[in-house]
Amino acid sequence: SHTNFPWLAVPPPAPAPAPTAAYYQDDEPVEDKKPLANNGRGLVLKTHCEFPAIGRGASRDKFAVLVHARAPADVARAPLDLVTVLDVSGSMDGEKLALLKRAMAFVIDQLGPADRLSVVSFSDRAARLTCLARMSDAGKASAKLAVESLVACAGTNIREGLHVGAQVLVGRRHKNSVASMILLSDGQDSYLGGKNYMDLVPPSFKDAGSRPGPIHTFGFGTDHDALGMHTIAQATGGTFSFVGNQAAIQDSFAQCIGGLLSVAVQEARITLYDGEERRFLVLVYVPRARPTESVTRLVKVTCAYKDAATGQAANAAAPAAVIQRPLELTDLPPPCMEVERERVRLAATQDIAAARDAAEGGQHAGAARMLDSRLKAVERSAPGMAGDDPTCEAIKEELRDLSARVGDRREYQQTGRAALLAGMSSHSQQRASAVELQSASKPRAYLTPKM
């Protein structure tokens, strides 16, 4: 009966034929609405110096200045053009496919009438099930029906799935929206010769200056190709998420969609979601001051960007980073906590990558020791000892979790490799990615309220 599911009364859509041109160009026109103003709220830039003062007669190499960029919160957002590329190979049959359909129905429900969605599926071949269509009531009904029609088949051709997805996004006639692709797979590409994972990335997504948007990848279960999925995300500015607990796929999608539906700043060489932050350490040389110099100006930070909701160019600037230059400085003041927190994060990120290299070389005990040692260093750091620093608490929990996954070869192969790569992806982009932590206490880094 279709009583409880009225959309099932719509005739099932047939897979769209391959386009005669290089790309699909049948996307549904977007609504012609005047963009909402953000009332002057835009990107905010701040700087923090490692120390507030250095003696006038002293010099210092590699003095750290933290540049902090924060997107405005609760502002008008741009509409989203989303392509979901879904694995329906034979291994997805049964509960996995049912969970995926449920998660996709949730995603569809989150989209608004100004957003557009295209559904692509792949097994040994790929098919576009729906054009890039607005998520009106009718559009949602059609998309849900397309998802419900998915049937698992043999073969896993990730490259072909991404190729069809790229045909949809690159060929769009209306390009005023934020564009993104989501790839979900539970297996390894059956047609990839060797292990050159960059061959999976569509050529139109390899250039950061011209790609339509990022590809966010989701490794589903413990048999997916974590390195391949990480490579695709890293090469396109996306994040890689490890969904080891299959029942968590809806929550993982929700986190990603929450970010995509709140993009506030674009084309600032970084993309910021509503309320997101980015931090960069700039190392400068501080020379000796002149005899009469009481203040030294170190850096001036400016940024040109595009307001995602209005499409208008905008500029942001931070007050110049300066330090005081007293004639004599007997005691060095305490370091800036913001700078120390970023040092802790960067050191942890480097050791996570080094632990992965050690584990890949079979040195599992050494990888675990490396992570345990970094955990102790975080605990001894100034922000770590404070006990109430959310960033440090999340890093400590992550290091404990990863250490438990890398010490044993079998556990590493099943979950450790994917968890490490998901962590590396998250820290590289300074954006939350999904990974199921093993402990009950689960602080997470980079989450925003809308995730």
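Computed from a predicted model, the values in this text were never measured in an experiment.

What counts, and where the lines are drawn
- Residues numbered from 1 in each chain as written.
- Predicted model: local features only at pLDDT ≥ 70, side-chain atom pairs only at ≥ 80, totals over all residues.
- Heavy atoms only, no water.
- Helix = DSSP H or I, 4+ residues; strand = E, 2+ residues; numbered from the N terminus.
- Buried < 20%, exposed > 50% of the residue type's maximum accessible area, 1.4 Å probe, protein only.
- Contact = heavy atoms within 4.5 Å.
- Expected span 1.5 Å × (residues − 1).
- Salt bridge = Lys/Arg side-chain N within 4 Å of Asp/Glu carboxyl O.
- Pairing = 2+ DSSP bridges.
- Axes fitted to C-alpha atoms, helices over the stretch in contact; angles between N-to-C directions.
- Parallel < 35°, antiparallel > 145°, perpendicular 65-115°, else oblique.
- Left-handed = near helix turned anticlockwise from the far one by under 90°.
- Nonpolar A, V, L, I, M, F, W, Y, C, P; charged D, E, K, R; others polar.
- Polar contact = N/O pair within 3.5 Å; in protein donor to acceptor, adjacent residues only side chain to side chain.

1. Notes on the overall build of the protein chain
Looking only at helices and strands, the protein chain has ten helices and 16 strands in total. Residue burial in the protein chain is summarised as follows: out of 451 residues, 54% are buried. The contacts in the protein chain between residues at least 6 apart in sequence include a share of 75% that link residues at least 24 apart.

2. Observations concerning helix H3 (residues 158-170)
When the terminal C-alpha atoms of H3 are compared, their 18 Å separation across 13 residues agrees well with the 18 Å that a helix rising 1.5 Å per residue should span. The set of residues buried in H3 consists of Ile-158, Gly-161, Leu-162, Val-164, Gly-165, Ala-166, Gln-167, Val-168 and Leu-169. Looking at the buried side of H3, the elements it contacts are strand E3 (80-87), strand E4 (116-122), strand E5 (126-128), strand E7 (178-185), strand E8 (215-220) and helix H4 (226-236).

3. Quick notes on helix H1 (residues 95-110)
For H1, which comprises 16 residues, the first-to-last C-alpha distance of 23 Å matches the rise-based estimate of 22 Å (1.5 Å per residue) to within 8%. Every buried residue belonging to H1 is among Lys-96, Leu-97, Leu-99, Leu-100, Lys-101, Ala-103, Met-104, Val-107 and Ile-108, and all of these are buried. For H1, the elements touching its buried residues are E3, E4, helix H2 (137-148), E7, E8 and helix H5 (249-260).

4. Remarks on the pattern of salt bridges
A side chain of one charge can pair with a side chain of the opposite charge when the charged atoms of the two come close. Counted under the stated rule, the structure contains 26 salt bridges. Residue Glu-360 pairs with Arg-417 through a salt bridge whose shortest N-O separation is 2.6 Å. Pair noted here: Glu-360 is in helix H6 (residues 337-360) and Arg-417 is in helix H10 (residues 409-429), with a separation of 57 residues, a long-range link. Glu-360 gets classed as partly exposed once you look at its relative accessible area, which sits at 37%. For Arg-417, a relative accessible area of 24% puts it in the partly exposed group. Bridged by salt links that share partners, the residues Arg-70, Glu-277, Arg-279, Glu-338, Arg-341 and Asp-389 form one connected network.

5. A word on the pairing of E4
By the criterion of burial, E4 is predominantly enclosed, with seven of the seven residues buried. With seven bridges joining them, E3 and E4 adopt parallel strand pairing. Looking across to E4, one finds that Asp-87 is bridged to Phe-122. Pairing between E4 and strand E6 (residues 133-134): two bridges, direction antiparallel. Along E6, the bridge assignment pairs Leu-117 with Ala-133. Between E4 and E5, which follow one another and run antiparallel, lie three residues.

6. Comments concerning unusual backbone geometry
Backbone geometry follows two general trends: most residues other than glycine have a negative phi, and most peptide bonds adopt the trans configuration. For Lys-62, which is not glycine, the phi dihedral falls at a positive 55 degrees. You can see Lys-62 is positioned in strand E2 (residues 60-70). The phi dihedral of Gln-430 falls on the positive side, at around 50 degrees, and the residue is not glycine. Within the element layout of this structure, Gln-430 appears in the segment after H10.

7. Details of the packing of helix H9 (residues 390-406) against H10
It is the contact of H9 with H10, at a shortest axis distance of 8 Å, that shows an interaxial angle of 150 degrees. In this view, H9 runs roughly antiparallel relative to H10, as classed from their interaxial angle. Crossing angle aside, the handedness with which H9 passes H10 is left-handed. Residue-level contacts link Glu-398, Leu-402, Ala-404, Arg-405 and Val-406 of H9 to Glu-411, Tyr-412, Thr-415, Gly-416, Ala-419, Leu-420, Gly-423 and His-427 of H10. Across the contact of H9 with H10, the residue classes tally to six nonpolar, four polar and three charged.

8. A short note on the side chain of Ser-381
In this structure, Ser-381 sits in the loop between helix H7 (364-380) and helix H8 (382-386). At 2.6 Å, the side chain of Ser-381 forms a polar contact with the backbone oxygen of Val-378.

9. Focus on the environment of Thr-231
Note on placement: Thr-231 falls in helix H4. In this structure the C-alpha to C-alpha distance between Thr-231 and Leu-200, which are 31 residues apart in sequence, comes to 9.0 Å. If we skip the residues at most four places from it in the chain, Thr-231 touches Tyr-197 and Met-198. A distance of 2.7 Å separates the side chain of Thr-231 from the backbone oxygen of Leu-227, its partner in a polar contact.

10. Notes on the environment of Ile-352
Secondary-structure assignment places Ile-352 in helix H6. As a C-alpha pair, Ile-352 and Leu-421 span 69 residues in sequence and 8.8 Å in three-dimensional space. Residues contacting Ile-352, with those up to four places away along its chain left out, are Leu-371, Glu-398, Leu-399, Leu-402, Leu-420, Met-424 and His-427.

11. What about the side chain of Asp-351?
Take Asp-351: it is sitting in helix H6. Relative accessible area serves as the criterion here: at 17%, Asp-351 is assigned to the buried category. In contact with Asp-351, not counting residues within four places along its chain, are Met-370, Leu-371 and Arg-374.

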